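# Notes for the structure review
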Amino acid sequence: IVNIKNQDDKCFLWCFIQYHKWGEVRNLQHKDRVIHYFNFYEADKDYYDEIFKDINFPSTIQDFKQFNNQQTNEENLVNVFRCDDKGELSCVLLSHLNTKGFNIIEYSKNVLVSEGNVNRKRKVSHLVYCRDLSTLLNTDNNGNRKELCLNCLCFFSTKSGYDKHVDNCLEN
């Protein structure tokens, strides 16, 4: 995970660019700086504007659904997960179970905002792109790769166990 430090509400756009440009971004110093992603955006502005033409910023679950519905390339489909105050992940929108497409994690926190003479708490959300959710959540210290069901976030030690589980999980 690279947390892009943007000051605007376009987290979803920056995550999408990070996903598509990871081969070029991965070796950059300070990959958390939004200027890298802004430069990619500027270089192919018409493409990104077309893909995000009906998407609001900050993006909501409705925007993610709309984004997925208008995609013709399944590699552009997005899964959305939410991280709560305790650091626990839950699935908010599942569009794909395979390696195609990309995963983003939404987290939020309360911040103190001054409005005139009054200080108020306001919930602020942010999105980060997660290149490999299975690696992020995998707690096996022996280096054994486990299969992760993106729907329920359960791990399976064997591919056959995972395959049996997925069909049932998606029905429920």
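Preceding this paragraph is the structure being described.
Residues numbered from 1 in each chain as written. Predicted model: local features only at pLDDT ≥ 70, side-chain atom pairs only at ≥ 80, totals over all residues. Heavy atoms only, no water.

Turning our eyes to something else, we now look at the pattern of salt bridges. Taken as a whole and judged by the stated rule, the model has 6 salt bridges. Residue Glu24 pairs with Lys21 through a salt bridge whose shortest N-O separation is 3.8 Å. The class for Glu24 is partly exposed, based on a relative accessible area of 48%. We note a salt bridge from Glu50 to Lys53, for which the minimum N-O separation is 3.1 Å. On the basis of relative accessible area, Lys53 is assigned to the exposed category, the value being 52%. (Salt bridge = Lys/Arg side-chain N within 4 Å of Asp/Glu carboxyl O. Buried < 20%, exposed > 50% of the residue type's maximum accessible area, 1.4 Å probe, protein only.)

Now for the side chain of His126. With respect to the helices, strands and loops of the structure, His126 is situated in strand 4 (residues 118–130). Classification of His126 by relative accessible area gives buried; the value is 14%. At 2.7 Å, the side chain of His126 forms a polar contact with the side chain of Asn3. A polar side-chain atom of His126 sits 3.3 Å from the main-chain carbonyl oxygen of Ile4. (Helix = DSSP H or I, 4+ residues; strand = E, 2+ residues; numbered from the N terminus. Polar contact = N/O pair within 3.5 Å; in protein donor to acceptor, adjacent residues only side chain to side chain.)

Of note, the amide linkage connecting Phe57 to Pro58 takes the cis form, showing an omega dihedral of 0 degrees. Topologically, Pro58 is positioned in the loop between helix 4 (45–51) and helix 5 (61–69). Despite not being glycine, His30 has its phi angle at roughly 55 degrees, a positive value. Relative to the elements of secondary structure, His30 occurs in the loop between helix 2 (22–25) and helix 3 (34–43). A positive phi angle is found at Leu153, which is not glycine, with a value near 60 degrees.

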